[in-house]
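# Breakdown of the fold
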Amino acid sequence: MDTFTQSHLTGVAALSAEEIDTILERAQYYADQLADASYRSDLLKGKTILSLFFEDSTRTRVSFEMAARRLGADWVNIDIDRSSVNKGESFLDTIQTLLAITQPHGIVVRHKEYGAPDFIAAHAPCPVINAGDSWREHPTQALLDALTIKQHKGTLKDLRIAICGDIAHSRVAASNMILLTKMGGDVRVIAPEALMPDKLAAEGVTKFHSLEDGLPGCDIVMMLRLQKERMEQSAIPSEAAYFNEYGLTQDKLALAKPDALVMHPGPMNRGVEIADDVADDPHRSLILKQVANGVPVRMAVMDLLLNKP
Ligand code: CP
């Protein structure tokens, strides 16, 4: 029997390993259905999902919308940049106004403030799904990364996974550390001192300060963008110097296992954290598979949260 008891998805920290398995199994079901590009379901017919992106997004926003529409839901997209937030309305007043107008059955939110999805969840009468808040969590990104790894390696357990780059400012790194250690992965993070937090988001993760030390034996190499929008000042001397030490090239990738696969949540900064020929390597790069998996994973999350009796 499926295990899933959550009312919201504001982080993977709240999920048990069994609940993560339930989401991934449901997501694989939808991934199989989506092999037919015309697949549609009316599972969420008559339900309204409110989309609140207070930060920019391409992948997450589009795949949430695709997922909602594939399940037959009505998707209400608020153009925050042109809303009355700009006229001094409080965050809570904006949320309560939108709840009163749209009467949603689910809310998807991205916000730069730590804990904004939990704040909305405390005031909303429906499930809230976090599409990324500050550097805290990006749960559906970690779930789609896990689905992609499972599809290509068959398991998450006992895989050695390196997450490399701006660990300090990355919600993707935080959610992946929590999820992958929970599922039995051997997780390591690789970053310069200035981009390595003192305390990591999960116990049991090993820190390294060079690709040479951290990549040997790795099954998965996950690269991260420098999150400049969350840095108070530049944490690196120059992008060229950073690429020289921390950019993933074919030579650096050769330090990992011969069948190691490369991931990146996007958006990528080519020539800063990853070389073109690694990002585009048809045998090693899973990057476009990750973005495609955003749709079935978000369908699974909406199904499990909104389709309750
Ligand atoms: N990975 C990710 O969250 O990408 P977007 O910012 O484009 O949604």
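For the structure, see preceding data.
Since the model is a prediction, treat every value here as computed from it, not as a measurement. (Residues numbered from 1 in each chain as written. Predicted model: local features only at pLDDT ≥ 70, side-chain atom pairs only at ≥ 80, totals over all residues. Heavy atoms only, no water.)

## What about the overall build of the protein?
Keep this limit in mind: Helical segments are the DSSP runs of H or I of at least four residues, strand segments are the runs of E of at least two, and each set is numbered from the N terminus. To get the radius of gyration, use the C-alpha atoms; to get the globule rule, take the number of residues to the power 0.38 and multiply by 2.2 Å. By definition, residues are in contact when any of their heavy atoms lie within 4.5 Å. None of His or the chain ends enter the tally, which takes Lys and Arg as positive and Asp and Glu as negative. Where a charge sits is defined by one atom per residue type, namely NZ (Lys), CZ (Arg), CG (Asp) or CD (Glu).
Within the protein, the secondary structure is distributed over eleven helices and nine strands. Computed over the C-alpha atoms, the radius of gyration of the protein is 19 Å, within 12% of the 19 Å expected from 2.2 N^0.38 for a compact globule of 309 residues. Referenced to the eigenvectors of the C-alpha coordinate spread, the extents of the protein come out at roughly 55 × 45 × 35 Å. Relative to all contacts within the protein whose residues are 6 or more apart in sequence, the contacts with residues 24 or more apart total 73%. Side-chain charges in the protein split into 32 positive and 42 negative, and the spacing between the mean points of these groups amounts to 3 Å.

## Quick word on the nonpolar core
This is how it is decided: To form a nonpolar core, buried Ala, Val, Leu, Ile, Met, Phe, Trp, Tyr and Cys residues must be joined to one another through side-chain atoms within 4.5 Å. Each residue gets one of three labels from its accessible area relative to the maximum for its type: buried under 20%, exposed over 50%, partly exposed in between, using a 1.4 Å probe on protein chains only.
Counting residues in each nonpolar core, the largest one holds 89 residues, and the members touching the most others are Ile163, Met177, Leu179 and Met302. Tallying contributions element by element places helix α11 (residues 287-306) first for this core, with ten residues. Residues contacting Leu179, with those up to four places away along its chain left out, are Val12, Ile20, Ala142, Leu143, Ala146 and Leu156. Counting residues in each nonpolar core, the second largest holds 15 residues, with Ala121, Ala124, Cys126 and Val128 among its members.

## Details of the sheet that holds strand β3 (residues 106-111)
We count it as follows: Two strands pair if DSSP finds at least two bridges between them. Helix axes use the C-alpha atoms of the stretch in contact, all axes being lines fitted to C-alpha atoms, and the angles between their N-to-C directions lie in the range 0 to 180 degrees.
Pairing within the open sheet is parallel, and its four strands lie in the order β2-β1-β3-β4. Of all strands in the sheet, those bounded by a partner on one side alone are β2 (74-77) and β4 (128-133). Taken pair by pair, the neighbouring strands of this sheet meet at an average axis angle of 15 degrees, ignoring direction. Judged from the four bridges that link them, strand β1 (residues 48-53) and β2 form a sheet pairing that is parallel. Paired with Leu50 across the two strands is Val76, which belongs to β2.

## Some points on unusual backbone geometry
Leaving glycine aside, a negative phi is the common case for residues, and trans is the common case for peptide bonds. Cis geometry is adopted by the peptide bond preceding Pro267, which originates at Gly266 and carries an omega value of -10 degrees. For Pro267, the position within the fold is in the loop between β9 (261-263) and α10 (276-279). The phi torsion at Gln103 lies on the positive side, around 45 degrees, for a residue other than glycine. Examined against the element boundaries, Gln103 turns out to sit in the loop between α3 (91-102) and β3.

## A word on the site of the ligand
Note the cut-off: Note on definitions. A residue lies near a molecule or strand when any single heavy atom of the residue is within 4 Å of it. Between N or O atoms, a polar contact is any pair within 3.5 Å; within protein, one atom must be a potential hydrogen donor and the other a potential acceptor, and residues adjacent in sequence are included only when both atoms are from side chains. Surface exposure here means Shrake-Rupley accessible area, sampled with a 1.4 Å probe, where a residue is shielded only by the protein chains that are shown. Amino acid classes used here: Ala, Val, Leu, Ile, Met, Phe, Trp, Tyr, Cys and Pro are nonpolar; Asp, Glu, Lys and Arg are charged; the rest, including Gly, are polar.
The immediate surroundings of the ligand are formed by Ser57, Thr58, Arg59, Thr60, Arg110, His138, Gln141, Pro265 and Gly266. Residue Ser57 places a side-chain N or O atom 2.6 Å away from an oxygen atom belonging to the ligand. Bound to the protein, the ligand loses 91% of the 260 Å² it would expose on its own. Along the lines of polarity and charge, the residues of the shell around the ligand split into one nonpolar, six polar and two charged.

## Notes on the sheet that holds strand β7 (residues 206-208)
If you trace the five strands from one edge of the open sheet to the other, you get β7-β6-β5-β8-β9, paired in parallel fashion. If you trace the sheet from one side to the other, it starts and ends with β7 and β9, each paired once. Between one strand and the next, the sheet's axes are offset by a mean angle of 25 degrees, whatever the strand orientation. With respect to the sheet, helix α5 (residues 139-153) is in contact with β5 (160-164), β8 (220-223) and β9, its orientation differing from that of β9 by roughly 165 degrees.

## Considerations on the packing of α5 against helix α6 (residues 171-182)
We apply this condition: Any angle that falls under 35 degrees is termed roughly parallel, while one over 145 is termed roughly antiparallel, one within 65 to 115 roughly perpendicular, and all others oblique. Working rule for handedness: look at the near helix, and if it is turned counterclockwise from the far one by less than a right angle, call the crossing left-handed; if clockwise, right-handed.
For the pair α5 and α6, interaxial distance at closest approach is 8 Å and the crossing angle is 55 degrees. Comparing their axes, α6 and α5 come out oblique. Viewed along their axes, α5 and α6 form a crossing whose handedness is right-handed. When α5 is examined against α6, the residues Pro139, Gln141, Ala142, Leu143, Asp145, Ala146 and Ile149 are found in contact with a partner set consisting of Val172, Ser175, Asn176, Leu179 and Leu180. Considering only residue class, the contact of α5 with α6 consists of eight nonpolar, three polar and one charged.

## Observations regarding the packing of aromatic side chains
Two numbers describe a pair of aromatic rings. These are the distance of the centres and the angle of the planes. The line we're drawing: Whether two aromatic rings pair depends on their centres lying within 6.5 Å, for rings of Phe, Tyr and Trp, where Trp uses its six-membered ring; planes under 30 degrees apart make the pair stacked, over 60 edge-to-face, and the rest tilted. For a ring to carry a charge above it, either NZ of a lysine or CZ of an arginine must fall within 6 Å of the ring centroid while also lying within 35 degrees of the normal to the ring plane.
Applying the stated criterion across every chain, the model contains five aromatic pairs. Between Tyr29 and Tyr30 the ring centres are 5.1 Å apart and the planes differ by 65 degrees, which places this aromatic pair in the edge-to-face class. For Tyr29, a relative accessible area of 42% gives the class partly exposed. Judged by centre distance (5.3 Å) and plane angle (65 degrees), the rings of Phe54 and Phe91 are edge-to-face. Note that Phe54 is positioned in the loop between β1 and α2 (59-70) and Phe91 in helix α3, a separation of 37 residues in sequence. Residue classification places Phe91 among the partly exposed residues on the basis of a relative accessible area of 24%. The structure contains a cluster of three or more aromatic residues connected by ring pairs, namely Phe54, Phe91 and Phe119. The ring of Tyr114 carries the charged tip of Arg136 above its face, separated from the ring centre by 5.9 Å. Over the face of the ring belonging to Phe64 we find Arg298, whose NZ or CZ atom lies 4.9 Å from the ring centre.

## Topic: the packing of helix α1 (residues 17-33) against α5
Relative orientation of the contacting elements α1 and α5 amounts to 70 degrees, with a least axis distance of 10 Å. When the axis of α1 is compared with that of α5, the two are roughly perpendicular. The two elements α1 and α5 meet at a crossing, and its hand is right-handed. Between α1 and α5, the residues in contact are Ile20, Asp21, Ile23, Leu24, Ala27, Gln28 and Ala31 and Leu143, Ala146, Leu147, Lys150 and Gln151, respectively. Its residues assigned to classes, the contact of α1 with α5 comprises eight nonpolar, two polar and two charged.

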